[in-house]
Structures are given as C-alpha cells and as structure tokens.
Amino acid sequence: MTPETDRPSCPPLDGECPPPSRDAPAQWREAQTVHIDVRGMVPPQPMVAILRLVRSTPPAHIVAHLDRDPVMLYPELAELGWEALPMPGEAGEVRLLLRRVA
C-alpha cells in the first residue's frame, strides 16, 4: 500500500496497473475536508457511498476520488443541494470537490 493513496502498489504490466477491486470506500479527513476514495468499486457502489456520506452529517467539503466521471451522480447531488467541481488528480483519476450550494 502507498501511504499517499492507501491503495496497493503493483508493478506495471504493459504500462498499466489494473485497478484494485474493493467493497468499501476509503475515507480520511484533512482539516475540514473529508476524502472518499471509491476507485476500484463496482457501480453503483461508488455513487451509493458518496450519497451516503453527503446525507450523513455533511462536512464543509468532500473530495471524491473516482475511476470515471460519475454522470448519474450529478443530478442526485443537485437535488440534495450540492455541486461537484472538477479538481486536478492523479493520472487516470477523476477527482471532484463536492460542496453545498449556498
């Protein structure tokens, strides 16, 4: 596991490291921001995990780490009064800043 990502490291095969498969998201807090890493989870688990976090005592900000653009998540977030803003992330990662719409 690498401390920066809490994901297993592997030697690249054909230039790619296959994403790990997991059943639960990784979560950690940095100041007022909660990170949720749903990479490697099978849809719809990433969306369910993110919406569960948003609905539970919401932190000031959530950073979601995903494998792909969560197109189905955006209308669900809007209905709950949240927005998703793209952020720079690792290669092959979609990283979104989720925050309440004022």
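Up top you'll find the structure we're talking about.
Basis of the calculations
Sequence order as written defines residue numbering, which begins from 1 separately in each chain. Given that this is a predicted model, residues contribute local features only at a pLDDT of at least 70 and side-chain atom pairs are listed and counted only at 80 or more, while totals for whole chains, interfaces and linings are drawn from all residues. Side-chain measures here rest on the full set of heavy atoms in the structure, leaving out hydrogens and waters. A run of H or I in DSSP becomes a helix once it reaches four residues, and a run of E becomes a strand once it reaches two; helices and strands are each numbered from the N terminus. We call a residue buried when its accessible area falls under 20% of the maximum for its residue type, exposed when it is over 50%, and partly exposed in between, using a 1.4 Å probe and counting protein chains only. A contact between two residues is defined here by any heavy atoms of the two lying within 4.5 Å. For every accessible area listed, the method is Shrake-Rupley and the probe measures 1.4 Å; residues are considered covered only by the protein chains on display. Being paired, for any two strands, means DSSP has found at least two bridges between them. The salt bridge definition used is simple: a Lys or Arg side-chain nitrogen within 4 Å of an Asp or Glu carboxyl oxygen. Here an axis means a line fitted to C-alpha atoms, over the contact stretch when the element is a helix, while the angle between two N-to-C directions is reported on a 0 to 180 degree scale.

Where do I start with the overall build of the protein chain in this structure?
Counting its regular elements, the protein chain contains two helices and five strands. Counting helices and strands in the order they occur from the N terminus, the protein chain gives β-β-α-β-α-β-β. Within the protein chain, the fraction of its 102 residues that count as buried is 33%. Partitioning the intrachain contacts of the protein chain with sequence separation of at least 6 by distance along the chain shows that 49% fall at a separation of at least 24. For the protein chain, the accessible surface area stands at approximately 6,500 Å², while carbon and sulfur atoms represent 58% of it.

Could you clarify how one ought to interpret the pairing of strand β1 (residues 26-30) in this entry?
In regular strands, side chains alternate between the two faces of the sheet. Bridge count for β1 against strand β2 (residues 33-37) is five bridges, and the pairing is antiparallel. For Trp28, the partnering residue across the bridge sits in β2 and is His35. In this antiparallel pair of consecutive strands, β1 and β2, the connection spans two residues, and Ala31 shows a positive phi of 55°.

Looking at this structure, I do not really get the pattern of salt bridges. What am I missing?
Side chains bearing opposite charge may pair, as long as their charged atoms lie close to each other. Scanning all chains against the criterion turns up five salt bridges. Asp37 is paired through a salt bridge with Arg39; the nearest N and O atoms lie 2.6 Å apart. Per residue, the accessibility class of Asp37 equals that of Arg39, and both read buried. Glu93 is the salt-bridge partner of Arg95, the closest N and O atoms lying 3.0 Å from each other.

Where do I start with the sheet that holds β2 in this structure?
Strand pairing in a sheet takes place through backbone hydrogen bonds and is either antiparallel or parallel in direction. Strand order in the open sheet formed by five strands is β1-β2-β3-β5-β4, and the pairing between neighbours is mixed. Only two strands of the sheet have a single partner each, and these edge strands are β1 and β4 (82-87). Sheet twist, expressed as the average angle between the axes of neighbouring strands with direction ignored, equals 25°. Taken together, the five bridges between strand β3 (residues 61-66) and strand β5 (residues 94-100) define a ladder with antiparallel strand orientation. By the bridge assignment for β5, Ala64 is matched with Leu96.

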